[in-house]
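Notes for the structure review
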Protein chains: 2
Amino acid sequence: MKKIITVSRQFGSGGRSIGKAVAQELGFDYYDSELVERVAKETGFDPEYIADAGEYAPGRSMLSYAFTSGAPHGTAGHAGAADYLWAAQCRVILELAEKGNCVIVGRCADYILRERDDCLNVFVYADKKYRADRIVSLYGVRDKSPEKRLDEKDGKRRINYKYFTGREWGVPQNYHVSLDSGYFGQEETAHIIAALAKK
Amino acid sequence: MKKIITVSRQFGSGGRSIGKAVAQELGFDYYDSELVERVAKETGFDPEYIADAGEYAPGRSMLSYAFTSGAPHGTAGHAGAADYLWAAQCRVILELAEKGNCVIVGRCADYILRERDDCLNVFVYADKKYRADRIVSLYGVRDKSPEKRLDEKDGKRRINYKYFTGREWGVPQNYHVSLDSGYFGQEETAHIIAALAKK
């Protein structure tokens, strides 16, 4: 039986709800917003900022949090804030993992916990059509096309993952199993992950 | 219940034996060498050549099979032979799929059968250390280091897949599930695939 399940996911694939369903099925804790609140407490950052910056590439909003004094140029401020947040996030995830029996969605948890041998690292994805339909039905129509929203969100996840881990996001070798949630369906994908965790 | 399982695999991951075990567990036909023999019959190519060229990037050995007359330059001969072999391989795989209840290992079968909705497309991989140890224990020590042998073999599979399918080999989106056979173990990986096929 694995004690920790990390779920990385393409935007719109349902990885977040699948992670919740897995936690429920196994009686595990589920960390997503709670994790954000803990990091907020540790760092003093605004939880809304952490929810965004903890997973996505540093953007302009980061400027207002840039605090590295004596930085030689503008971007160093970004890196300072991002690195500080990263360190806090690592600490919180390592602490939660120590407690065990949990599902952690996103936040490079697969990488942060790579030294442990009681983790099951999962990647959830689906084809673009499935994800586009899903985000429109969940979040409604926006100015930007759903395809563009998918590309932007995943692009940011990719850059963030690469920046902090040096690895490519969504490459199967980073995970123990990768599942197409469009093919298996949301509910079934959760059952498959729960069954794999029990092995 | 899925009728066809395609197994794509990193060299040394055990995907071939796993495919065999899945076929045995499900009572399915297993195609690997039989497929090669059928293609040989159709094309008149030497089975040994097909076993190699059907999956790996066209190499020098192809020159002896180059037969496109009037080709403006040397490489067109390669492409001619490779394309001819590819077409025969597609035909044979589509025929076998029509019969159903089978496991097909390698040979871009995931791509060739992409229009069918009764396929489960699997990718099997493992970390380099696991695969290096495995090929040394299976095939013995060679002049080249096992790591180099892995890179060369997978490099050729990648080029071949890209050439004929236009897609990237080993990218999760091409498959319904990707599994780390080093993490789950050979036997368990086969059980997982068989269970997924039954869904």
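1. Section: the nonpolar core
Ile5 of chain A together with Ile5 of chain B are the most contacted members of the largest nonpolar core, which totals 44 residues. In this structure Ile5 of chain B touches Val22, Leu26, Phe28, Cys102, Val103, Ile104, Leu120, Val122, Ile193 and Ala197 of chain B, once residues within four positions along its chain are discounted.

2. Structural notes on the environment of Pro172 of chain A
With respect to the secondary-structure elements, Pro172 of chain A resides in the loop between helix 7 (146-165) and strand 5 (177-180). Along the backbone, Pro172 of chain A and Asp143 of chain A are 29 residues apart, and their C-alpha atoms lie at a distance of 33 Å. Those residues in contact with Pro172 of chain A that sit more than four places away from it in its chain are Ser178 of chain A together with Phe123, Tyr125, Gly170, Pro172 and Ser178 of chain B.

3. Description of the packing of aromatic side chains
Within the structure shown, the criterion is met by 14 aromatic pairs over all chains. Judged by centre distance (5.0 Å) and plane angle (20°), the rings of Phe123 of chain A and Tyr175 of chain A are stacked. On the criterion of sequence distance, the pair formed by Phe123 of chain A in strand 4 (residues 119-125) and Tyr175 of chain A in the loop between helix 7 and strand 5 is long-range, its members being 52 residues apart. Considered together, Phe123 of chain A and Tyr175 of chain A belong to a single accessibility category, that of buried residues. With centroids separated by 5.9 Å and ring planes inclined at 20°, the aromatic side chains of Phe123 of chain B and Tyr125 of chain B adopt a geometry described as stacked. Under the relative-accessibility criterion, Phe123 of chain B is labelled buried at 1%. Linked through ring pairs, Phe123, Tyr125, Trp169 and Tyr175 of chain A together constitute an aromatic cluster. It is Lys153 of chain A that lies over the ring of Phe11 of chain A; its NZ or CZ is 5.2 Å from the centre. A cation over a ring is seen here: Arg114 of chain B above Tyr111 of chain B, with NZ or CZ 3.9 Å from the ring centre.

4. Quick notes on the sheet that holds strand 4 (residues 119-125) of chain B
Read from one edge to the other, the open sheet built from 10 strands follows the order 2(A)-3(A)-1(A)-4(A)-5(A)-5(B)-4(B)-1(B)-3(B)-2(B), with strand pairing classed as mixed. Of all strands in the sheet, those bounded by a partner on one side alone are strand 2 (29-31) of chain A together with strand 2 (29-31) of chain B. Each adjacent strand pair in this sheet contributes to an overall mean axis angle of 20°, direction not counted. In terms of strand pairing, strand 2 of chain B meets strand 3 (residues 102-105) of chain B through three bridges, oriented parallel. Bridge pairing links Tyr31 of chain B to Ile104 of chain B in strand 3 of chain B.

5. What about the relation of the copies chain B and chain A?
Between chain B and chain A, which share one sequence, the superposing operator has a rotation angle of 180° and an axial displacement of 0.0 Å; the RMSD is 0.0 Å. The relationship between the two copies is best expressed as a two-fold rotation axis. Considering only C-alpha atoms, the part of chain B nearest the rotation axis is Ser178 of chain B, at 2.4 Å. When the interface residues of chain B are mapped onto chain A, 100% of them again lie at the interface, so the same face is used by both copies.

6. Describing the interface of chain B and chain A
Counting residues at the interface gives 21 residues for chain B, matched by 21 residues for chain A. Taking both partners together, chain B and chain A bury about 1,700 Å²; carbon and sulfur atoms supply 59% of that area. Area buried by chain B at its contact with chain A is led by Pro172, His176 and Tyr183 of chain B, which between them contribute 32% of it. Viewed at the interface, chain A and chain B are joined by two salt bridges. Across the salt bridge formed by Lys199 of chain B and Glu188 of chain A, the nearest N and O atoms sit 2.8 Å from each other. Linking chain B with chain A are 13 residue pairs in polar contact (both at pLDDT 80 or more). Only strand 4, strand 5 (177-180), helix 8 (181-184) and helix 9 (186-198) of chain B provide two or more residues apiece to the side of chain B that touches chain A.

7. A few points about the pairing of strand 4 of chain B
Residue and element names in this part refer to chain B. For strand 4, the tally of buried residues reaches seven of seven residues, placing the bulk of the element in the interior. Alternating residues of strand 4 divide into Cys119, Asn121, Phe123 and Tyr125 and Leu120, Val122 and Val124, and every residue in both groups is buried. Bridging between strand 1 (residues 4-9) and strand 4 involves six bridges; their strand directions are parallel. The partner of Ile5 across the bridge, within strand 4, is Leu120. Pairing of strand 4 with strand 5 involves four bridges; the strand directions are parallel. If you follow Tyr125 over to strand 5, its bridge partner there is Asp180.

8. Here's the deal with the pattern of salt bridges
Counted according to the given criterion, the structure contains 24 salt bridges over all chains. Where Arg157 of chain A meets Asp154 of chain A, a salt bridge forms, and the shortest distance between an N and an O atom there is 4.0 Å. One end of the pair, Arg157 of chain A, and the other, Asp154 of chain A, are both in helix 7, three residues apart, so they sit about a helical turn from each other. Looking at Asp154 of chain A, the relative accessible area reads 7%, which means it is buried. The partner of Asp154 of chain B in a salt bridge is Arg131 of chain B, and the shortest N-O contact between them spans 2.9 Å. Separated by 23 residues along the polypeptide, Asp154 of chain B in helix 7 (residues 146-165) and Arg131 of chain B in helix 6 (residues 128-139) bring together distant segments of the chain. Residues participating in the shared-partner salt-bridge network are Glu98, Arg116 and Asp118 of chain A.

Conventions adopted
Residues numbered from 1 in each chain as written. Chains lettered and ligands numbered in written order. Predicted model: local features only at pLDDT ≥ 70, side-chain atom pairs only at ≥ 80, totals over all residues. Heavy atoms only, no water. Core = buried A, V, L, I, M, F, W, Y, C linked by side-chain atoms within 4.5 Å. Buried < 20%, exposed > 50% of the residue type's maximum accessible area, 1.4 Å probe, protein only. Contact = heavy atoms within 4.5 Å. Helix = DSSP H or I, 4+ residues; strand = E, 2+ residues; numbered from the N terminus. Phe/Tyr/Trp six-rings, centres within 6.5 Å; stacked < 30°, edge-to-face > 60°. Lys NZ or Arg CZ within 6 Å of the ring centre and 35° of its normal. Pairing = 2+ DSSP bridges. Axes fitted to C-alpha atoms, helices over the stretch in contact; angles between N-to-C directions. Least-squares fit on C-alpha atoms with pLDDT ≥ 70 in both. Buried area = accessible area lost by both parts, 1.4 Å probe. Salt bridge = Lys/Arg side-chain N within 4 Å of Asp/Glu carboxyl O. Polar contact = N/O pair within 3.5 Å; in protein donor to acceptor, adjacent residues only side chain to side chain.

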